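Architecture and fold: a report
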Amino acid sequence: MKAAVIVFPGSNCDRDVAVALRRAIGTPPVMVWHRDTALPDLDLIVVPGGFSYGDYLRAGAMAAHSPIMREVKARADSGVAVLGICNGFQVLTEAGMLPGVLMRNADLKFICRDVHLKVDNDNTPFTRGYRRGQILRMPIAHNEGNYFADGDTIDRLFDTGRVAFRYCTPQGAINGTGNPNGSQRSIAGILNDRGNVLGLMPHPERLAEPQHGGTDGRAMFEGLVAAFT
Amino acid sequence: MKATVHVTLKNGVLDPEGKAVQHALETLGFSGVNGVRQGKFIEIDLSDADPKTAHDRVDAMCRQLLANTVIEDYSIDISR
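Let me sum up the structure you'll find in this document. What you see is a predicted model, and the numbers here were worked out from it, not measured in a lab.

A closer look at the overall build of chain A
- For chain A, the helix and strand inventory stands at five helices and 11 strands.
- Relative to a compact globule of 229 residues, whose C-alpha radius of gyration would be 17 Å, chain A shows 16 Å and is just as compact.
- Buried residues in chain A amount to 56% of all 229 residues.
- A fraction of 75% describes how many contacts in chain A between residues 6 or more apart in sequence connect residues 24 or more apart.

In structure tokens form, the structure reads like this:
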């Protein structure tokens with residue numbers, strides 16, 4: 001599998017995800033600066049977490065219009081897998097590659113802790129390493145993770161299997177207790193219509209080694225390698 | 001030519017920051033505060049000479065970058 005990680009000024013999970021990819025693939029991914037306009041031949045593009053452009057205007061708004069994103073969009077349109085983690089998810093919604101928007105957390109606090117997720121769709125290159133209904137533990141670290149879209153869009157996401165992950169309690173209950181940030185219907189990660197673009201707020205790359213305290217995130221990268229090898 | 005843009009959350013979109021400001025005002029003793037909505041104010045200095053052209057261009061700027069129309073409304077004022 002050939003992978004690239006996009007690096008914006010203010011990205012801070014680019015190297016973490018590169019380590020996770022290198023571990024899964026065996027070779028390091030290509031790191032691509034936001035000012036670049038071309039990408040090599042690829043199977044996967046990762047838009048990493050961080051605070052691109054200092055979250056100026058709105059989280060992800062400036063990065064969504066940086067030169068490389070035109071090429072990222074074109075590759076996604078041609079079927080290349082695109083994974084947006086945390087700030088990367090915000091960038092993909094601002095770029096119009098995923099519906100909805102990530103608003104300020106309902107309690108107005110930056111939340112940095114582990115949460116639990118339920119896998120809603122295991123039939124994608126990103127989630128094939130998991131089972132539907134499986135409960136995962138993953139860290140979140142964000143101020144704007146409160147997923148919002150109009151009612152019709154939310155219904156359509158559920159009806160078409162495009163909700164990949166929802167926040168839940170450690171026992172797997174989907175309710176207000178398990179929802180850290182006020183996201184509509186506990187949505188933590190969604191897919192585009194075609195199923196080749198995933199955005200999620202939790203950080204799989206931060207729980208991918210035993211030294212991290214857990215490895216629930218590793219199956220995402222291993223699943224991608226299995227899908228593209 | 002100067003454009004002033006106000007970006008606000010759409011009606012029906014919860015504004016937790018506005019709510020927090022409202023509570024703070026009540027705590028300070030200001031009575032009769034029925035609601036607070038907060039947003040952004042953006043000033044743009046333009047070289048356009050024609051107000052209509054300026055308005056159209058700023059409208060495009062709002063749609064493409066300045067506002068996220070999924071959750072935000074915007075209004076534009078053009079002045080010399």
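Some remarks on the environment of Leu83(A)
Residues and elements named next belong to chain A.
- Looking at where Leu-83 falls in the secondary structure, it is placed in strand β4 (residues 81–85).
- For Leu-83 and Val-7, which are 76 residues apart along the polypeptide, the C-alpha to C-alpha distance reads 13 Å.
- Beyond its immediate sequence surroundings of up to four residues, Leu-83 is in contact with Leu-44, Val-46, Phe-126 and Leu-198.

Points about the sheet that holds strand β10 (residues 187–191) of chain A
Residues and elements named next belong to chain A.
- Strands sit in the order β2-β1-β3-β4-β11-β10-β9-β6-β7 across an open sheet of nine strands; the sheet is mixed. Sheet topology places β2 (30–33) and β7 (135–142) at the edges, where each strand pairs with a single neighbour. For this sheet the average axis-to-axis angle between neighbouring strands, irrespective of direction, equals 25°.
- Judged from the four bridges that link them, strand β1 (residues 3–7) and β2 form a sheet pairing that is parallel. Bridging across to β2, Val-7 finds its partner in Trp-33.

Brief notes about the sheet that holds strand β3 (residues 72–79) of chain B
Residue and element names in this part refer to chain B.
- Taken in spatial order, the three strands make up an open sheet running β2-β1-β3, and their pairing is antiparallel. Bordering the open sheet on either side are β2 (39–45) and β3, each of which pairs with just one other strand. Adjacent strand axes in the sheet meet at a mean angle of 15° when their direction is disregarded.

Scoring rules and cut-offs
Residues numbered from 1 in each chain as written. Chains lettered and ligands numbered in written order. Predicted model: local features only at pLDDT ≥ 70, side-chain atom pairs only at ≥ 80, totals over all residues. Helix = DSSP H or I, 4+ residues; strand = E, 2+ residues; numbered from the N terminus. Rg over C-alpha atoms; globule rule 2.2 N^0.38 Å. Buried ≥ 20, exposed ≤ 12 C-beta atoms within 10 Å, placed from the backbone. Contact = placed C-beta atoms within 7 Å. Pairing = 2+ DSSP bridges. Axes fitted to C-alpha atoms, helices over the stretch in contact; angles between N-to-C directions.

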